Amino acid sequence: MNRLAGLEPAQVFTYFEEISRIPHGSGDTERISSYVESVLKANHLRYVRDEANNIIAWKDAAAGYENAPVVMLQGHLDMVNEKTTQSTHDFSRDPLELFVDGDEIGAKDTTLGGDDGIAVAYMLAILTDPSLAHPALECVFTVDEEIGLLGANVLDLSSCQAKYLINLDSEDEGIFLCGCAGGIREDLMLPIRKEEMEADFWKITIDNCHGGHSGMDIGKGRCNALLMAGRLLFDLEESGISYRLAVCEGGQKDNAIPRSSMLIVATEKDSEDSTLIADNVRYLFDGYKKEYLVSDPDMTVTVEETDAVPVMDLVSQIKVLFLLRMLPAGVQAMSQNIPGLVETSLNTGIMKTNEDCFTVSQSIRSNVNARKYELVNKLAFLVEYLGGEAGTRGDYPGWEFNPDSTLRVLMAETWKEMTGKDAAIEAIHAGLECGIISEKMPGIDIVSMGPDMKDIHTPTERLGISSTRRCYEFLLEVLKRIQN
Ligand SMILES: [Zn+2]
């Protein structure tokens, strides 16, 4: 049954519905890639499919466009598989159950995969429609964008010649993305020594902070539960409590703002410090709560007695405290090109206290590549000064804003003409495949666009129907106007 029958543009929604019948979660892209391949074959289009299941397809220039610059269109094949808790949907086997709700499409109890199935549908519709006017096209279908831009990373673009790239992985009609952040992970390691101690032991838990995405939400001033633990330790000492630190840990992913943290500290047995510590912690925390009333209204602290564990020696403790207090955190610079955009930031995501070392994992982002490395070096200097070590991993490039973009001007003008509205030019403080492609094809002029979507990556994901049509007509008009 075709639930999207009758919706326009018909080819786009037909392909979108066919895609929805084929399981295509991240890491499970063999079948969707074969489907795209079958469409290309049936239409006698030239393409390559690599081992990762990425596909590049070529379509010749329409008559009159032989001398126009080559244009790349690009989107990702994989979707995020999420379902409601009561859903029995099997993502490895079952087709999505699409439904139309007013001007929107959704899928019953699951993600819809509009992100980024709509790009796949757009590209297949364009590739298979011989009536369109456009320059030579290179259509790139990547895999596993949602789990770390894996397809784009291994993509071989050496046979591509595009001067322009229109990426189709944005979710807001009329907003054109013109930059994204690059990122890198940095792990700091501080050697520590531990010793046994006869004492009272306390477990302090900070919990229910708001959390969020370490890039998109970093400018919202939310509490980082790990750094808050460091501040609490520091202030506790200032408040006159003498303690020894045994454990400081928390966080699960370095790209999420940590929502909770856990400390274990020891105070001298049956001392005044033992009597006062819980009250002092709560008093200090009440003060912090006032600072975070808007961003983290639910944050909590609990103090309970716990079993004895080895504590850090005093030198180790001072170094850990120094590191926790001196770590740069959050927004480091705002963009000079795009008002309101965070340009450089870092998120302390994971901390662990091991037998002989204390480790901290950071996610560093910048829309300006050089700034990212500046921050990496600063953190390394800090931890090395304390006798520790720093290492990096997962480095990926950003897509820097291009003040001279011809494509952006053409798209903004076309949008204004077609809708009467000004296009919004934005950039995001998170990674996109455009960053990787811009590094592989130096000088390529990129804009990212897409129709309205809501709640992507959740079972309430929706795709706008009329928005899909307007954005498709706009995309065709832009292609028609690219003559040089
Ligand atoms: Zn996406």
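Residues numbered from 1 in each chain as written. Predicted model: local features only at pLDDT ≥ 70, side-chain atom pairs only at ≥ 80, totals over all residues. Heavy atoms only, no water.

Some points on the coordination of the zinc ion
- His76 (NE2), Asp115 (OD) and Asp169 (OD) make up the full set of protein donors to the zinc ion, lying at 1.9 to 2.3 Å.
- Mapping the donors of the zinc ion onto the primary sequence yields the spacing H-x38-D-x53-D. With aspartate 115 in helix α3 (residues 114-127) and aspartate 169 in the loop between β7 (164-167) and β8 (175-180), the pair connects residues that are 54 residues apart, well separated along the chain.
- Since its relative accessible area comes to 8%, aspartate 169 is described here as buried. (Donors = N, O, S within 2.8 Å, 3.2 Å for Na, K, Ca; no water. Helix = DSSP H or I, 4+ residues; strand = E, 2+ residues; numbered from the N terminus. Buried < 20%, exposed > 50% of the residue type's maximum accessible area, 1.4 Å probe, protein only.)

Overview of the pattern of salt bridges
- For the coordinates displayed, the defined rule picks out 24 salt bridges.
- Linked by salt bridges that have partners in common, Glu30, Glu37 and Arg49 make up one network. (Salt bridge = Lys/Arg side-chain N within 4 Å of Asp/Glu carboxyl O.)

Focus on the packing of helix α5 (residues 225-238) against helix α6 (residues 272-291)
- Viewed as axis vectors pointing N to C, α5 and α6 meet at an angle of 130°, and their least axial separation amounts to 10 Å. Classified by the interaxial angle, the pair formed by α5 and α6 is oblique. In this structure, the crossing between α5 and α6 has a hand that is right-handed. Residues Met228, Arg231, Leu232, Asp235 and Leu236 of α5 form the contact with α6, whose participating residues are Ile277, Asn280, Val281, Leu284, Phe285, Tyr288 and Glu291.
- Broken down by class, the residue content of the contact of α5 with α6 amounts to 8 nonpolar, 1 polar and 3 charged. (Axes fitted to C-alpha atoms, helices over the stretch in contact; angles between N-to-C directions. Parallel < 35°, antiparallel > 145°, perpendicular 65-115°, else oblique. Left-handed = near helix turned anticlockwise from the far one by under 90°. Contact = heavy atoms within 4.5 Å. Nonpolar A, V, L, I, M, F, W, Y, C, P; charged D, E, K, R; others polar.)

Some details on the nonpolar core
- With 64 residues, the main nonpolar core has Val36, Leu73, Phe141, Ile166, Leu168, Met411 and Met449 as its most contacted residues.
- Here this core takes 10 residues from α3, the largest share from any one element.
- Excluding residues within four positions of it along the chain, leucine 168 makes contact with Leu73, Gln74, Asp116, Ala119, Tyr122, Met123, Met449 and Leu475.
- Residues Leu190, Leu284, Val360 and Leu379 belong to the second largest nonpolar core, which totals 50 residues. (Core = buried A, V, L, I, M, F, W, Y, C linked by side-chain atoms within 4.5 Å.)

Notes on the side chain of glutamate 173
- In this fold, glutamate 173 is placed in the loop between β7 and β8.
- Here the side chain of glutamate 173 touches serine 467 through a polar contact of 2.6 Å, side chain to side chain.
- Those residues in contact with glutamate 173, other than ones at most four positions away along the chain, are Trp415, Gly450, Pro451, Asp452, Ser467, Arg470 and Cys471. (Polar contact = N/O pair within 3.5 Å; in protein donor to acceptor, adjacent residues only side chain to side chain.)

Things to note about the sheet that holds strand β12 (residues 244-249)
- Across the sheet, which stays open at both edges, the 4 strands sit in the order β12-β13-β11-β14 with antiparallel pairing between neighbours. Every other strand in the sheet has two partners, leaving β12 and β14 (300-306) as the edge strands with one partner each. With strand direction ignored, the average angle separating the axes of adjacent strands in the sheet is 20°.
- Of the strand pairs in this sheet, β12 and strand β13 (residues 261-268) are connected by 5 bridges, and their pairing is antiparallel. Note that in β13 the partner of valine 247 across the bridge is isoleucine 264.
- Of the strands in this sheet, β11 (199-207), β12 and β13 are in contact with α5, which crosses β13 at around 15°.
- Across the face of the sheet, α6 comes into contact with β11, β13 and β14 while running at roughly 165° to β14. (Pairing = 2+ DSSP bridges.)

Description of the sheet that holds strand β23 (residues 462-464)
- The strand order across the open sheet built from 4 strands is β4-β5-β23-β22, with neighbouring strands paired in antiparallel fashion. Looking at strand neighbours, the two that pair on one side only are β4 (98-101) and β22 (453-454), the edges of this open sheet.
- Two strands pair when backbone bridges link them, and strand β5 (residues 104-107) and β23 are joined in this way by 2 bridges, in the antiparallel orientation. Each residue of the ladder has a partner; that of isoleucine 105, found in β23, is leucine 463.
- Contacts from helix α11 (residues 465-481) reach β4, β5 and β23 within the one sheet, and its direction differs from that of β23 by about 50°.

A few points about the domain arrangement of the chain
- Under the domain assignment, the chain is made up of domain 1 (10-181 + 399-481) and domain 2 (184-396).
- In this structure, domain 1 and domain 2 have C-alpha centres spaced 39 Å apart.
- The interface is formed by 14 residues belonging to domain 1 together with 17 residues belonging to domain 2.
- Here domain 1 packs against domain 2, burying approximately 1100 Å² in sum over the two surfaces, 63% of which is carbon and sulfur.
- A per-residue breakdown of the area domain 1 buries against domain 2 is headed by Ala181, Glu400 and His429, which together make up 52% of the total.
- Where domain 1 touches domain 2, the interface holds 0 salt bridges.
- At the junction of domain 1 with domain 2, the criterion picks out 5 residue pairs in polar contact (both at pLDDT 80 or more).
- If you list the elements that add at least two residues to the side of domain 1 that touches domain 2, you get β8 and β20 (424-428).
- Per-element tally for the side of domain 1 that touches domain 2: the top contributor is β20, with 4 residues.
- Split into classes, the residues belonging to the side of domain 1 that touches domain 2 amount to 9 nonpolar, 3 polar and 2 charged. (Domains from an automatic or database assignment. Buried area = accessible area lost by both parts, 1.4 Å probe.)

Remarks on unusual backbone geometry
- Omega for the peptide link from glutamate 8 to proline 9 comes to 0°, which places this bond in the cis form.
- Tracing the backbone shows proline 9 in the segment before α1 (10-20).
- Cis geometry is adopted by the peptide bond preceding aspartate 116, which originates at aspartate 115 and carries an omega value of 5°.
- In this structure, leucine 149 takes a positive phi of about 55° despite not being glycine.
- Positive phi outside glycine occurs at histidine 457, with the angle close to 70°.
- Looking at the element boundaries, histidine 457 is found in the loop between β22 and β23.

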